Amino acid sequence: MLLDPWWSAALVGVLGLLIGSFLNVVIYRLPKMMERQWNAEVAAYAAEQAAAVHQATDAVASVVVESPSPPPAEPFNLMVPRSRCQACGHTVQWYENIPVLSYLFLRGKCSSCGVHISVRYPLVELGTAGLFAFLGHWGGLSLPTLVWCGFAAAMVALAMIDWDTTLLPDDITLPLLWAGLIASTLGWTSIPIAASVMGAAAGYLSLWLVYWGFKWATGKEGMGYGDFKLFAALGAWFGWQALVPIILMASVIGAIVGLAMKFRNQLREGGYVPFGPFLVGAGLASMVFTPEAILQAMLHQLGL
């Protein structure tokens, strides 16, 4: 649709506010959903083992006392239950959930108990809105714009989840990878499908080799498999040519942040810093400035 770029930016930016509000739910709930799934799998395995023990006991005993089944867990997903204050359990009303405005109206506090609400919630909403507004101004109201908005939203969620939990969920990284390949195939990005496929393969394989090389040399794990998948997704979206500037930018910024956190004694137990947020930052920078521009700027700073 042909609109003035600023109107397109405003409309897509409002959409970004709404998506950012939903991303706050994803960032908080998806790791907990994963934890519940893992616990359910462990419980199911334990039940299988207990059943095997009871079956073996039946051969020598006439009575078997079965343990009661645990009560079914309450539904917990991205839709239910409704959002609540984590301190007092107050159910958030619709008018308390308007992006940014509700936070300002409530002065950053729960309306029931007065506990402070993290400023990160409106910052995620504003950050997502800013990325969407940029894309709306750049591409107008078009399908490629919406496709890149989906990319930006996924990246914001991955960065925050990884920073909080050191997890990069397959529920986001794998669809993001396939979306990049599909977008390239359908011409929604400027990346040829061959470069997209090579980027996905090279992105995964490169960090996989680094992982095993580091583990062989030190006996420790330097990163997780989620980083491989995220880098593969970035290769699918930007092509294999973009992998070098993206990994250089992520590594340099990650090293600077890691050293600053170490100097201020803010490193987590084990002395590690999640790498995913820096890959995300490099990916979003590539979306805004292009990987070629980033590489040229880095070479210029190095005097090359």
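This text follows the structure it describes.
Definitions and cut-offs
Residues numbered from 1 in each chain as written. Predicted model: local features only at pLDDT ≥ 70, side-chain atom pairs only at ≥ 80, totals over all residues. Heavy atoms only, no water. Helix = DSSP H or I, 4+ residues; strand = E, 2+ residues; numbered from the N terminus. Buried < 20%, exposed > 50% of the residue type's maximum accessible area, 1.4 Å probe, protein only. Contact = heavy atoms within 4.5 Å. Areas by Shrake-Rupley, 256 points an atom, 1.4 Å probe, with all protein chains shown as cover. Lys, Arg positive; Asp, Glu negative; His and termini not counted. Charge placed at Lys NZ, Arg CZ, Asp CG, Glu CD. Patch = residues over 30% accessible without salt bridge, like charges linked within 9 Å, V, L, I, M, F, W, Y side chains within 5 Å. Salt bridge = Lys/Arg side-chain N within 4 Å of Asp/Glu carboxyl O. Core = buried A, V, L, I, M, F, W, Y, C linked by side-chain atoms within 4.5 Å. Phe/Tyr/Trp six-rings, centres within 6.5 Å; stacked < 30°, edge-to-face > 60°. Expected span 1.5 Å × (residues − 1). Axes fitted to C-alpha atoms, helices over the stretch in contact; angles between N-to-C directions. Parallel < 35°, antiparallel > 145°, perpendicular 65-115°, else oblique. Left-handed = near helix turned anticlockwise from the far one by under 90°.

We now examine the overall build of the protein chain. Along its length, the protein chain carries 10 helices and 0 strands. The secondary structure elements of the protein chain, listed N-terminal to C-terminal, are α-α-α-α-α-α-α-α-α-α. Overall, the C-alpha framework of the protein chain stretches about 80 × 55 × 45 Å when taken along its three principal axes. Looking at the protein chain residue by residue over its 304 residues, the buried ones come to 36%. Expressed as a percentage of contacts within the protein chain between residues at least 6 apart in sequence, the contacts between residues at least 24 apart total 70%. Total accessible area on the protein chain is roughly 18100 Å²; 67% of this is exposed by carbon and sulfur atoms. The positive charge centre, built from 14 side chains, and the negative charge centre, built from 17, are 11 Å apart in the protein chain.

This part is about a nonpolar patch on the surface. The grouping of Trp94, Tyr95, Ile98, Leu101 and Leu104 at the surface amounts to a nonpolar patch, some 610 Å² of accessible area in total. Here Trp94 lies in the loop between α1 (5-58) and α2 (101-105).

Take Trp38: it is sitting in helix α1. Taking the relative accessible area as the measure of exposure, Trp38 reaches 40% and is therefore partly exposed. Along the backbone, Trp38 and Pro245 are 207 residues apart, and their C-alpha atoms lie at a distance of 36 Å.

So, about the nonpolar core. Judged by nonpolar contacts, the single largest core of 57 residues is most densely connected at Phe151, Leu176, Phe238, Leu279 and Met287. When residues of this core are traced back to their parent elements, those giving at least two are α1, α3 (120-139), α4 (143-165), α5 (170-185), α6 (193-218), α7 (225-238), α8 (243-263) and α9 (276-289). Among the elements that take part in this core, α4 stands out by supplying 14 residues, more than any other. With residues near it in sequence (within four places) discarded, Phe151 still touches Leu176, Leu234, Trp237, Phe238, Gly283, Leu284 and Met287.

All right, on to the packing of aromatic side chains then. In the structure shown here, the tally under the stated rule is 12 aromatic pairs. An angle of 40 degrees between the planes, with centres 5.6 Å apart, marks the rings of Trp148 and Phe238 as tilted. Here Trp148 is found in helix α4, whereas its partner Phe238 is found in helix α7, with 90 residues between them in sequence. Across the pair, exposure class does not vary: Trp148 and Phe238 are buried alike.

This part takes up the pattern of salt bridges. What the rule picks out here adds up to 3 salt bridges. A salt bridge links Asp164 to Arg120, with the shortest nitrogen-to-oxygen separation between them at 2.7 Å. Of this pair, Asp164 sits in helix α4 while Arg120 sits in helix α3, and the two are 44 residues apart along the sequence. In this structure, Lys229 and Asp170 form a salt bridge, with 2.8 Å as the shortest nitrogen-oxygen distance. Placement of the pair is Lys229 in helix α7 and Asp170 in helix α5, with a sequence separation of 59 residues.

To continue, consider the side chain of Thr128. Secondary-structure assignment places Thr128 in helix α3. Not counting the four nearest positions on each side in its chain, Thr128 is found in contact with Gly16, Ile19, Gly20, Leu23 and Val156.

Now for unusual backbone geometry. Of the consecutive residues Val80 and Pro81, the connecting peptide bond is found in the cis state with omega at -5 degrees. Residue position: Pro81 is located in the loop between α1 and α2. Backbone geometry places Val100, a non-glycine residue, at a positive phi of 65 degrees. In this fold, Val100 is placed in the loop between α1 and α2. Its identity as a non-glycine residue notwithstanding, Thr290 has a phi of 80 degrees, on the positive side. Following the sequence through the fold, Thr290 ends up in the loop between α9 and α10 (291-301).

Next up on the list: α8. Compared with an ideal rise of 1.5 Å per residue, which puts 21 residues at 30 Å, α8 spans 30 Å between its outermost C-alpha atoms and is within 8% of the ideal. Taken together, the buried positions of α8 are occupied by Leu243, Pro245, Ile246, Met249, Ala250, Gly254, Gly258 and Met261. Of the residues flanking the end of α8, it is Asn265, one or two places downstream, whose phi is positive at about 55 degrees.

As a further point, take the packing of α3 against α9. One way to put it is that α3 packs onto α9 with a least axis distance of 11 Å and a crossing angle of 25 degrees. In terms of axis orientation, α3 runs roughly parallel to α9. Viewed along their axes, α3 and α9 form a crossing whose handedness is left-handed. Touching Leu131, Phe134 and Leu135 of α3 are Leu284, Met287 and Val288, all from α9.

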